[in-house]
Amino acid sequence: MKVMVAVKRVVDFNVKVRCKADGSGVELANVKMAMNPFDEIAVEEAVRLKEAGIASEVVAVSLGAKPCEETLRTALAMGADRAILVESDSELQPLAVAKLLMAVVEREAPQLVLLGKQAIDDDANQTGQMLAALLGWPQGTFASRVELSEGQLKVTREIDGGLETLALALPAIVTADLRLNEPRYVKLPSIMAAKKKPLAVITPQDLGVDVAPRLKQLKVAEPAPRRAGGQVGSVAELVSKLKNEAKVF
Amino acid sequence: MSERLGITEDDRAIADAVARFAQNELAPQAHIVDRDEIRTTRYASQLAELGVMGMNLPERWGGIGASPAALILSIAEIAKACGSTASMIGAHYLATDSILIGGDDMIRDRYLPDAASGAKLGAFALTEPGAGSNPAGMITRAEREGEHYRLRGVKQFISNADDAGFIVVYAKTDPNAGTRGISAFVVDRHTPGITVSAPEKLMGIRGAPAHEVTFDCLVPVANRLGEEGAGFYTAMKVLDNSRLDVAATSLGLSEAALAAAVAWAKERKVGGEPLANKQGIQWMLADMKLRLEAAWLITLQAAAKRGAGEKFSDYSAMAKLCASEAAGFITDTALQVHGGYGFTRELPLERLVRDARILRIYEGASEIQRTVIARAMVA
Amino acid sequence: MTVLVIAEHDNHTLKAATLSTIGAALQVGDEIHVLLAGQGLAAVVDATARIPGVAKVLVAEEVHLAHGLAENLAPLVAGLARRYLHVLAPASTFGKNLLPRVAALIDVAPVSDVIAIESPDTFKRPIYAGNVIATVQSRDSVKLLTVRSTAFSPVPVAGGSAEVETMDPGLDLGQSRFVSRQLTETSRPELDSARVIVSGGRGLGSSEAFKQILEPFADRLGAAIGASRAAVDAGYAPNDCQVGQTGKIVAPQLYFAVGISGAIQHLAGMKDSKVIVAINKDAEAPIFQVADYGLVGDLFELVPELLAQLDVGIGA
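None of these values were measured; they are calculated from a predicted model.

A. Spotlight on the interface of chain A and chain B. Facing 13 residues of chain A, the contacting portion of chain B comprises 21 residues. For the pair chain A and chain B, the summed buried surface comes to about 1600 Å²; carbon and sulfur atoms form 59% of the total. The largest share of the area that chain A buries against chain B comes from Tyr185(A), Leu188(A) and Met192(A), three residues that together contribute 43% of it. At the surface where chain A touches chain B, the tally comes to four salt bridges. Its salt-bridge partner being Asp10(B), residue Lys195(A) comes within 2.7 Å of it at the nearest N-O pair.

Shown next, in the form of structure tokens:
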């Protein structure tokens, strides 16, 4: 069966982002970019399915500007067979991404689409669920374990306070959580070999999808810095402040 | 992210992959490697699996067809995480470059694929107790005995020697012919008559032990690299390459030190404000950055010449000289920015200072590099 | 202005996050409807109807809704959503699983993880792992929000009396089936991923004190145990517990530094924690300079007292 996996190019997780002085967005000039770590887990899972003889082909898809090709090359180096870039210089919000992915799914007809549970830039945690809704497919979000056998998918999900296992009919959507697997180190020869794998470029217009943003980002700001520490007089006061002020309990 | 001159997307992809391994696997262990003198040869098989151990080789022998710039970026990434590991890899490259440059396809086929796959680690034996910067002064002899050579002599400061699968040994086949009497041989490590001493006690790169190695053994004629007397030429070509590796190691250590200094300066508060607000500290940071960038550029220039197939001995020497001297300055200044904390073993600065010190010495001391540079102008 | 809140519950009791979500809902509207979808909901319907501010409880009961499967639940919520200007769910794994699916069904862009409501169409939410706060405006006619429960005060649980309306539970789409659920035993989490960390320093004085003072406290909080280098070097705690420059760099929601003076190397490893509590007998200890809450005194008295008060204080 064919597996599709969606990957997003984001600011590398080691980078401490800064807001632009005018608050119009996050400073992205000269910032190291990388594949969204959750997507990397999704790619790893897809490649493992192929290595296990369950998946016949792994197709990686990314959406965004030209440099997303680098992210796709990483997916190819990890073991995806071919890649598709839906190239767009416009801002693509999760709903638009879901619609574009739906159009790609309709062309490619995979049995399983894997995505990261969220991207570490906008932290939206929406695309997989929305893609599932648009396709009318079941969804296994926040997956920490995926078992595929005889047309049925068993997904163990990381839910608040524990784990939940669902059985899903195929085709289905799975979004990867942190513990699903530990992605491999990309081998250097694979990077060179990935250059020769096919990478197709299409546009939202080719897919007939309107990608106009629905949410308007008015401004961004860094959270207020840690204030000077205060001393509390008693254990009772500490407990009360932790509960009511810091709200950590 | 905008790149320095001459670095392609492929180079960056390779370096990023190496960086990821280095930061996850090497960096967290680097202070333990240093403290307990743990041999970084332990990483050889993982590095081989990644593709690093054969990265200096053509694809035919297990390499990946990486550009010289990719090689430099990758070694720098490794050094940024662990100087000892970069040094261990450098010694391996010295051995495999010797075979690649000096040998024919038959001997390349015999040794290089195993070297790339991690099955066999290489060591490089040129220096002797009485012949460091002057290889012509070596006294190790290789005398023809039928289908073998009898190899006799002592080599000094041989990295990787104990864990190596093979050692490339330079020896005199004609003691009266000066540098033209030097030949190179590939010797299997476990050949009877090879004695590897206990490692030297080193100031830095304590995870890349250096040994004295004594040879009194037979080497098949088929293990000679090229013609008799071609060894010196081979060694010089190998050193052109390896000086870029040392430059790259210098750049990596410098990157690590400068990043630590900048982070510290922004974090550490003195009199209620960060160190970074002080002009005296800012100037130190500026000088470090300037010398680092200059070293990058000349090193990449040398790599570009190498990639283009041009003669690059002088550029390689300039890169090594510039980058290793910069590493000395940058690691020392970064420690200074940290003040007393920099002097503790809790922070990596003192290790970076110690690891960087050898870079101005091995594979041609700074003074030798100046000679190489000058000769290219006046010869 | 009527707001629909999707309740999170286990068919018996409401999850606390639902109360905070209703709290958030009261900031955008004055009439709150709460949807309870599940099976065997009598008790939770009663409880929800008593929440002040809730005008109506919508109840959809059927076996196919028992486990909150998004495939069956989303069409139900989508069918209701168009009647409201706002639909809110907790930003829990339940809400995050469900609400985007609902949103796509009605062609709306949802807003995740809302931490502040600026106006009926403008919201604040963290991005880049909380390092940046974005203010976003929704242009959709219905606003679908998941809200961070820690950012909004919960509503009281008694005093109201809402109307209860039963609704059509819809069909079982048969796409997904609940298999099992295992709630985590309170085994101690890993340092790198723990939400709460309790770290001990030289002030504990012995490895026995680590066990007797720190471990019960950490277990009570479901916290990981950390240590300063001084404590590790003194043999009070194993190497892999070390937090700091040469140990692990951590950033939990809540960090307790117990008997730790706060050497700069230690601070480097934990200063990004969201909330830092320091307990130390030396009021001048540098740890107090980074602590949000400092408690000066004898840790051997204060930690057990804290443990006792937690049991009373947050038992519910």
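Still more to cover.
B. Region of the structure containing the side chain of Asp140(C). Mapped onto the elements, Asp140(C) comes out in the loop between strand 8 (132-138) and strand 9 (143-147). Note on Asp140(C): relative accessible area 8%, which makes it buried. Of note is the side chain of Asp140(C), whose polar atom sits 2.8 Å from the backbone nitrogen of Ala109(C). Residues contacting Asp140(C), with those up to four places away along its chain left out, are Arg214(A), Asp107(C), Val108(C) and Ala109(C).

C. Spotlight on the interface of chain A and chain C. Opposite the 72 residues of chain A that make contact, chain C presents 76 residues. For the pair chain A and chain C, the two sides together bury roughly 6100 Å², of which 54% comes from carbon and sulfur. Linking chain A with chain C are four salt bridges, by the criterion used here. A salt bridge links Arg214(A) to Asp107(C); the shortest N-O distance between them is 2.7 Å. Seen at the junction of chain A and chain C, the total is 34 residue pairs in polar contact (both at pLDDT 80 or more). Within the residue set of the side of chain A that touches chain C, elements represented by two or more residues are helix 3 (94-108), helix 4 (127-135), strand 7 (139-149), strand 8 (152-159), strand 9 (162-169), strand 12 (215-221), strand 13 (230-232) and helix 7 (235-244) of chain A. No other element matches the eight residues that strand 9 of chain A contributes to the side of chain A that touches chain C. The residue inventory of the side of chain A that touches chain C, partitioned by class, reads 36 nonpolar, 16 polar and 20 charged. Strand direction decides the pairing type here: strand 13 of chain A and strand 16 (residues 293-296) of chain C, joined by three bridges, are parallel. Note that in strand 16 of chain C the partner of Gln231(A) across the bridge is Gly294(C).

Criteria and thresholds
Residues numbered from 1 in each chain as written. Chains lettered and ligands numbered in written order. Predicted model: local features only at pLDDT ≥ 70, side-chain atom pairs only at ≥ 80, totals over all residues. Heavy atoms only, no water. Contact = heavy atoms within 4.5 Å. Buried area = accessible area lost by both parts, 1.4 Å probe. Salt bridge = Lys/Arg side-chain N within 4 Å of Asp/Glu carboxyl O. Helix = DSSP H or I, 4+ residues; strand = E, 2+ residues; numbered from the N terminus. Buried < 20%, exposed > 50% of the residue type's maximum accessible area, 1.4 Å probe, protein only. Polar contact = N/O pair within 3.5 Å; in protein donor to acceptor, adjacent residues only side chain to side chain. Nonpolar A, V, L, I, M, F, W, Y, C, P; charged D, E, K, R; others polar. Pairing = 2+ DSSP bridges.

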